[in-house]
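Secondary and tertiary structure notes
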Amino acid sequence: MIFWTSFIRKYLIKKPKLTINKIVFFHPEGNINNNPNLSGIVSLLCEKGWLVDIVSTQRNDIYQSVPCQNSNMILVNDYFAKNEFKKLCNYFNEKGIPTLFVGVDRGVIEASIFARYYGKRYGLLSYEIFYLSETNLGFKKPEIKASRALDFVIVQDPVRKDDLTRENRITTNNFFYVPVAPIGPSQALEVKPRYFHRRYGLDDDIKIALHIGSIARWSCCDKLLSTLSHWPDKWRLVLHNRYKIDDETMKFIKRYCSDRRKLIIADKPFDSIYEMSEYIQSADLGIAFYRGIYENASDGRNIQNIGMSSGKIAIYLQHGVPVAVYGNIEYEKIIRKEGLGMVIDKIEDFTPVAFDDNTIARCRGFFDNNLDLRLTLRPWLDFIEKYRS
């Protein structure tokens, strides 16, 4: 951290005096086009008159573009390469000092460096929690140091707030609960688009259970695929991981699938979350299964305590698709209480169920009243107004 602060100082001998109403997001993962929550946050900021820069890792395996006008994407090859830091220094010198820096997950490290030098405020937008017990001090120390002077933190629910506070040793009291969800309103269609029936020539009475997201053990896809042998003949499981399915994922699917006739592998990658809508609206049931498998820094307690950071559940509900949920305590309580689908006690016994129009209406209503990003982000948008120059 000291090294990079000194490095920046070298290239910022003459600080620009102009401060502009701009917010810079440091987003190492770089998949904003497949993250409806982050792209929605940027869009709502632009609606409020902010300029937004998104600094991300350049990736060749996914589509990367700005989510709206008045936003700008800066793609870098390596966050900690000297030449990339120099480019950012020169860019800020030329364009002016941003009002606020926001680090997405470990992007808080870069946000803290630039904020410290410019004398500006910075915050953390948390999607993933990396636990010291599942990593090491060398990995966590820069993140912990960067979290010392945070002005605010955006997190999804009280459980994840407590974990994040403890793991990053956060001292600020300015926490904002924003579940991972897109901008509303809910999507209401009188007639389902039935995309899968058209695309795969399915009979009209076939029902669709849809899994969108990572096809992996932590999302319980191994166990889910093994249940197909006892599914009713009128049901099909559709798998879509949002990107193009690679060879390793195909091997995984073939290894665990117990009835290939009931499986549809949708391998057309999405360039944006909005392209998902026709898929989701064509489903009769949304699958959201989780379990911590503790194989790397992000699939242990981060998954075990996923809570309201499950974006797929919010998207299912937005489109009026009842949800089958397993391994998510926070959403299990909601699904039961509000009647939004089914809670699974044992995946091995899972059989999909179709729900009536009243359940579909409750799903949309819950999204509109509790998850719509335009509603949940409002307190934070009001909070940052004080930073305008």
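Look up a bit, the structure's there.
The structure reproduced in this document is the subject of the present report. Treat the numbers as computed from the prediction; the structure is a model and nothing was measured. Counting from 1, residues in each chain are numbered in the order their sequence is written. Since the coordinates come from a predicted model, pLDDT governs what is reported: local features require at least 70, and pairs of side-chain atoms require 80 or more to be given and counted, while whole-chain, interface and lining totals use all residues. Heavy atoms from the whole structure form the basis of all side-chain values; hydrogens and water molecules are not counted.

**Focus: the environment of Arg 378**
Operational definition: Counting from the N terminus, the helices are DSSP H or I runs at least four residues long and the strands are E runs at least two residues long.
Note on placement: Arg 378 falls in helix H16 (residues 378-383). Placed 111 residues apart in sequence, Arg 378 and Asp 267 show a C-alpha to C-alpha distance of 36 Å.

**A look at the nonpolar core**
The line we're drawing: We call a set of buried Ala, Val, Leu, Ile, Met, Phe, Trp, Tyr and Cys residues a nonpolar core when their side-chain atoms join them within 4.5 Å. Exposure categories follow from relative accessible area, calculated using a 1.4 Å probe and restricted to protein chains: below 20% of the type maximum is buried, above 50% is exposed, and the middle band is partly exposed.
Counting 38 residues, the largest nonpolar core has Leu 317, Tyr 331 and Leu 371 as its most contacted members. Breaking this core down by element, the ones donating at least two residues are helix H7 (195-200), strand E8 (207-212), helix H10 (277-281), helix H12 (311-318), strand E12 (323-326), helix H13 (329-338) and helix H14 (357-371). Per-element tally for this core: the top contributor is H12, with 5 residues. With 32 residues, the next largest nonpolar core counts Ile 41, Ile 54, Leu 100 and Val 102 among its residues.

**Topic: empty space enclosed by the protein**
Just so we agree on the cut-off: Here a cavity denotes grid points, spaced 1 Å and computed from the protein atoms alone, that fit a 1.4 Å probe unable to get out, and a pocket denotes an open set having protein on both sides within 12 Å along at least 5 of 7 lines; residues with an atom within 4 Å of a point are the lining. Grid points are joined across faces, edges and corners, and a volume is the space filled by probe spheres set on the points.
On inspection of all chains with the given rule, the structure shows 2 cavities of 30 Å³ or more. Asp 105, Val 108, Leu 124, Ser 126, Glu 128, Glu 143, Leu 164 and Asn 168 are the residues that line the second largest cavity.

**Some thoughts on the packing of aromatic side chains**
Spelled out, the test is: Pairing of aromatic side chains here covers Phe, Tyr and the six-membered ring of Trp, requires ring centres within 6.5 Å, and sorts the geometry by plane angle: under 30 degrees stacked, over 60 edge-to-face, intermediate tilted. Each ring is checked for a lysine NZ or an arginine CZ that lies within 6 Å of its centre and within 35 degrees of its normal; such an atom marks a charge sitting over the ring.
Inspection of the entire model under this criterion finds 22 aromatic pairs. Taken together, the ring pairs connect Phe 26, Tyr 91, Phe 92, Phe 101, Phe 114, Tyr 117 and Tyr 118 into an aromatic cluster. Across the ring face of Phe 139, the terminal group of Arg 106 is positioned such that the distance to the ring centre comes to 3.8 Å. The side chain of Arg 199 reaches across the aromatic face of Tyr 200, ending 4.8 Å from its centre.

**Some thoughts on the sheet that holds strand E13 (residues 341-343)**
Worth spelling out the cut-off: Here a strand pair is declared whenever DSSP counts at least two bridges between the two strands. Structural elements are reduced to axes, namely lines fitted to C-alpha atoms, with helices fitted over the stretch in contact, and the angle between N-to-C directions of any two is expressed from 0 to 180 degrees.
With parallel pairing, the 6 strands of this open sheet are ordered in space as E10-E9-E8-E11-E12-E13. Two strands in the sheet have a free side with no partner beyond their single neighbour: strand E10 (263-265) and E13. Between one strand axis and the next, the sheet turns through 20 degrees on average, direction left out of account. Both strand E11 (residues 285-289) and E12 contribute to a ladder of 4 bridges, which runs parallel. Residue pairing for E12: Ile 287 is matched across the bridge by Ala 324.

**Focus on a positive patch on the surface**
Stated formally: The residues that make up patches have over 30% relative accessible area and no salt bridge, and they are joined within 9 Å when like-charged or within 5 Å when they are Val, Leu, Ile, Met, Phe, Trp or Tyr. To measure how exposed things are, a 1.4 Å probe is used in the Shrake-Rupley method; for residues, cover is taken only from the protein chains shown. Take a side-chain nitrogen of Lys or Arg and a carboxyl oxygen of Asp or Glu: if they are within 4 Å of each other, that pair is a salt bridge. His is not counted here, nor are the chain ends, while Lys and Arg score as positive and Asp and Glu score as negative. Taken as the charge location is NZ of Lys, CZ of Arg, CG of Asp or CD of Glu.
A grouping of Arg 116, Lys 141, Arg 148 and Arg 169 is seen on the molecular surface, where their side chains present a positively charged patch. Along the polypeptide, Arg 148 turns up in the loop between helix H5 (137-146) and strand E6 (152-155).

**Focus on the layout of surface pockets**
Put simply, the test is: Residues are grouped as follows: Ala, Val, Leu, Ile, Met, Phe, Trp, Tyr, Cys and Pro are nonpolar; Asp, Glu, Lys and Arg are charged; all remaining types, including Gly, are polar.
Roughly 1200 Å³ of volume is contained in the largest pocket. Breaking the lining of the largest pocket down by element, the ones donating at least two residues are helix H11 (301-304) and H12. Taken together, the residues of the lining of the largest pocket break down into 20 nonpolar, 13 polar and 11 charged. Reported here for the second largest pocket is a volume of approximately 320 Å³. In terms of lining residues, the second largest pocket is bounded by 21 residues, among which Lys 192, Gly 320, Asp 357, Ile 360 and Arg 364 are the most central. Here the element with the most residues in the lining of the second largest pocket is H14; it accounts for 4 residues. Residues of the lining of the second largest pocket, tallied by class, amount to 11 nonpolar, 3 polar and 7 charged.

**Considerations on the side chain of Ser 219**
Spelled out, the test is: Two residues qualify as a contact provided that any one of their heavy atoms is within 4.5 Å of a heavy atom in the partner residue.
Checked against the element boundaries, Ser 219 lands in the loop between E8 and helix H8 (221-226). In contact with Ser 219, other than residues within four places in its own chain, are His 211, Ser 214 and Phe 289.

**Describing the pairing of strand E5 (residues 121-125)**
We count it as follows: Crossovers are marked right-handed if the path from the first strand over the helix to the second runs clockwise, as seen with the strands pointing away from the viewer.
Counted residue by residue, E5 has 4 buried out of 5 residues, so it is predominantly covered. Bridge analysis of strand E4 (residues 97-104) against E5 gives 5 bridges, and the strand direction is parallel. When the bridges of E5 are listed, Leu 100 appears paired with Arg 121. With 3 bridges joining them, E5 and E6 adopt parallel strand pairing. Counted as the bridge partner of Leu 124 is Val 153 from E6. In this fold, the crossover linking E5 to E6 by way of H5 has right-handed handedness.

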